[in-house]
Amino acid sequence: MQLQDEFLSVVAVYTMMTWVYDKFRSVPYLRVTGLWGSGKSRLLTVAGNLCYKTVMAGGSISNAALFRTLVLLIPTLVFDEAELNVKESTEMGMVLRQGYSAGTPVSRMEKTVKGKMYIQTFDVFGPKIIASLARFQDVALESRCLTGWMPPHMDSGRPIELSQEFRVEALSLRNK
């Protein structure tokens, strides 16, 4: 990872904030942008291992799983490959537009077993850590992000896999 020292401090503070985020009415999102191979996914893995109730997600999570996971677990959502479409009108876009502020659920139409439609609301408030190639085109969504850019690098000298020692230390920190 090649982030500026100032942004590394932001990452550290954000990670700690995930443990007390429910004391706030709104929380920004932590986001890193950069090209392939810049270390975005590694940052998400490291930070995610230290956050409160992390759920690692990506472009492959289904909409139903996304909404139900947020309601059931009330996690820190770590979302890799957050490449939303031009207008960010996807379900994930809805979660990101609403999830920074408490008391602003997302409503969706659901179907009963008998086929009758009804409105169900999902509380999507909570901390989110995001990695993407570029900034969001939605100006409002972009304003909710604390963003650090990761420059490309050829060889960081760091191992491809995190060690068992890292996992043990991360568990020890989470259990404090």
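The following paragraphs examine the structure supplied in this document. (Residues numbered from 1 in each chain as written. Predicted model: local features only at pLDDT ≥ 70, side-chain atom pairs only at ≥ 80, totals over all residues. Heavy atoms only, no water.)

Thoughts on the packing of aromatic side chains
Next up, step 1: The final tally for this structure, using the stated rule, is three aromatic pairs.
Next up, step 2: A centroid spacing of 5.0 Å and a plane angle of 50 degrees characterise the contact between phenylalanine 67 and phenylalanine 122, whose relative ring orientation is tilted. Taken together, the residues phenylalanine 67 in helix α3 (residues 63-73) and phenylalanine 122 in strand β5 (residues 117-122) connect sequence positions 55 residues apart.
Next up, step 3: Overall, phenylalanine 67 belongs to the buried group, its relative accessible area being 0%. (Phe/Tyr/Trp six-rings, centres within 6.5 Å; stacked < 30°, edge-to-face > 60°. Helix = DSSP H or I, 4+ residues; strand = E, 2+ residues; numbered from the N terminus. Buried < 20%, exposed > 50% of the residue type's maximum accessible area, 1.4 Å probe, protein only.)

Observations regarding unusual backbone geometry
Next up, step 1: Backbone geometry places lysine 53, a non-glycine residue, at a positive phi of 40 degrees.
Next up, step 2: Relative to the elements of secondary structure, lysine 53 occurs in the loop between α2 (40-48) and β2 (54-57).
Next up, step 3: For isoleucine 74, which is not glycine, the phi dihedral falls at a positive 50 degrees.
Next up, step 4: Assignment of secondary structure puts isoleucine 74 in the loop between α3 and β3 (76-79).

Quick look at helix α1 (residues 5-17)
Next up, step 1: If you check α1, its first and last C-alpha atoms are 18 Å apart, about what 13 residues at 1.5 Å a residue would give, namely 18 Å.
Next up, step 2: Along α1, the residues classified as buried are Phe7, Val11, Tyr14, Thr15 and Met17. For α1, the angular spread of the buried residues around the axis is 155 degrees, confining them to a single face. Across α1 from its buried face, at more than 90 degrees, point the exposed residues Asp5, Glu6, Val13 and Met16.
Next up, step 3: Looking at the buried residues of α1, the elements they touch are β1 (29-34), α2, β6 (128-132) and β7 (145-150). (Expected span 1.5 Å × (residues − 1). Arc of directions from axis to C-beta. Contact = heavy atoms within 4.5 Å.)

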